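# A structural walkthrough
Each chain, letter by letter, is given below.
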Amino acid sequence: MAVNDTIADMLTRIRNANLARHQTTEVPSTKMTRSIAQVLQSEGFISEFSEQGEGPKRNLIISLKYKGKSRQPIITMLKRVSKPGLRVYSNRKELPRVLGGIGIAIISTSSGIMTDRDARRQGLGGEVLCYVW
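### Some words on the sheet that holds strand β2 (residues 46-52)
What links the strands of a sheet is backbone hydrogen bonding, and the strands pair in either a parallel or an antiparallel sense. Taking strand neighbours across the sheet as the criterion, the 3 strands line up as β1-β3-β2 in an open arrangement whose pairing is antiparallel. In this open sheet, the two edge strands, each paired with only one partner strand, are β1 (24-28) and β2. Between one strand axis and the next, the sheet turns by 25 degrees as a mean value, whatever way the strands run. The sheet contacts of helix α1 (residues 6-19) involve β1 and β3 (59-64), and relative to β1 the element is tilted by about 165 degrees. Packing of helix α2 (residues 31-42) onto the sheet brings it into contact with β1, β2 and β3, and relative to β2 it is tilted by some 155 degrees.

In structure tokens, the structure reads:
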């Protein structure tokens with residue numbers, strides 16, 4: 001099945017795996033999903049990710065993180081902001097703060113995909129892909 005919005009698909013797969021308390025989840029690998037996985041890993045929302053498969057059928061295997069005995073998911077919310085039907089851009093002065101800085105916004109800038117914090121530090125604006133907290 002061809003997916004139009006690979007980012008929304010990725011977020012939904014992570015959200016569903018979290019709810020079912022899965023250890024890992026599989027996401028079709030694209031340049032975009034790889035970059036988002038890198039940001040999630042560097043911000044400590046997922047433990048690791050690896051790539052598997054050949055050619056166009058490549059997948060990212062994302063290892064999810066849970067805390068405590070009750071295995072509460074580290075990611076409490078993933079929210080898609082900019083959609084293919086309605087793109088959301090913001091300049092460096094208007095970059096969103098997620099939950100007063102507890103969460104992150106993942107921004108697609110001219111220098112690659114990064115968190116709102118990094119974009120602010122580099123004085124960049126861009127497309128607001130999603131919020132994670």
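### Section: the nonpolar core
Ile 14, Ile 36, Leu 40, Ile 62, Ile 106 and Val 132 are the most contacted members of the largest nonpolar core, which has 24 residues in total. Where this core is concerned, the elements lending two or more residues are α1, α2, β3, β8 (104-109) and β10 (126-132). Ignoring any residue separated from it by four or fewer positions in sequence, one finds Val 132 in contact with Leu 40, Phe 45, Ile 75, Met 77, Leu 78, Val 98, Gly 103, Ile 104 and Ile 106. Within the second largest apolar cluster, 9 residues are counted, among which are Val 98, Ala 105, Ile 107 and Met 114.

### Side note on the packing of aromatic side chains
Per the counting criterion, the structure on display carries 0 aromatic pairs. Across from the ring centre of Tyr 66, 4.3 Å away, lies the NZ or CZ of Arg 71, which sits over that ring.

### Re the pairing of β10
Counted residue by residue, β10 has 6 buried out of 7 residues, so it is predominantly covered. Examined bridge by bridge, strand β6 (residues 78-80) and β10 share 3 bridges and lie antiparallel to one another. Looking at β10, one finds that Lys 79 is bridged to Tyr 131. With 2 bridges connecting them, strand β7 (residues 89-90) and β10 associate as antiparallel partners. Bridging across to β10, Tyr 89 finds its partner in Glu 127.

### Points about α1
Look at α1: 20 Å from first C-alpha to last across 14 residues, which is about the 20 Å you get at 1.5 Å a residue. All of the buried residues along α1 are Ile 7, Asp 9, Met 10, Leu 11, Ile 14, Ala 17 and Asn 18. Residue Arg 21 follows α1 closely and has a positive phi angle near 55 degrees.

### A word on the packing of α1 against α2
Two elements in contact, α1 and α2, have axes separated by 10 Å at closest approach and are oriented at 45 degrees. Taken together, the axes of α1 and α2 lie oblique to each other. The two elements α1 and α2 meet at a crossing, and its hand is right-handed. In contact with Thr 6, Ile 7, Met 10 and Ile 14 of α1, α2 contributes Met 32, Thr 33, Ile 36, Ala 37 and Leu 40. Along the lines of polarity and charge, the residues of the contact of α1 with α2 split into 7 nonpolar, 2 polar and no charged.

So, how was this worked out
Residues numbered from 1 in each chain as written. Predicted model: local features only at pLDDT ≥ 70, side-chain atom pairs only at ≥ 80, totals over all residues. Heavy atoms only, no water. Pairing = 2+ DSSP bridges. Helix = DSSP H or I, 4+ residues; strand = E, 2+ residues; numbered from the N terminus. Axes fitted to C-alpha atoms, helices over the stretch in contact; angles between N-to-C directions. Contact = heavy atoms within 4.5 Å. Core = buried A, V, L, I, M, F, W, Y, C linked by side-chain atoms within 4.5 Å. Buried < 20%, exposed > 50% of the residue type's maximum accessible area, 1.4 Å probe, protein only. Phe/Tyr/Trp six-rings, centres within 6.5 Å; stacked < 30°, edge-to-face > 60°. Lys NZ or Arg CZ within 6 Å of the ring centre and 35° of its normal. Expected span 1.5 Å × (residues − 1). Parallel < 35°, antiparallel > 145°, perpendicular 65-115°, else oblique. Left-handed = near helix turned anticlockwise from the far one by under 90°. Nonpolar A, V, L, I, M, F, W, Y, C, P; charged D, E, K, R; others polar.

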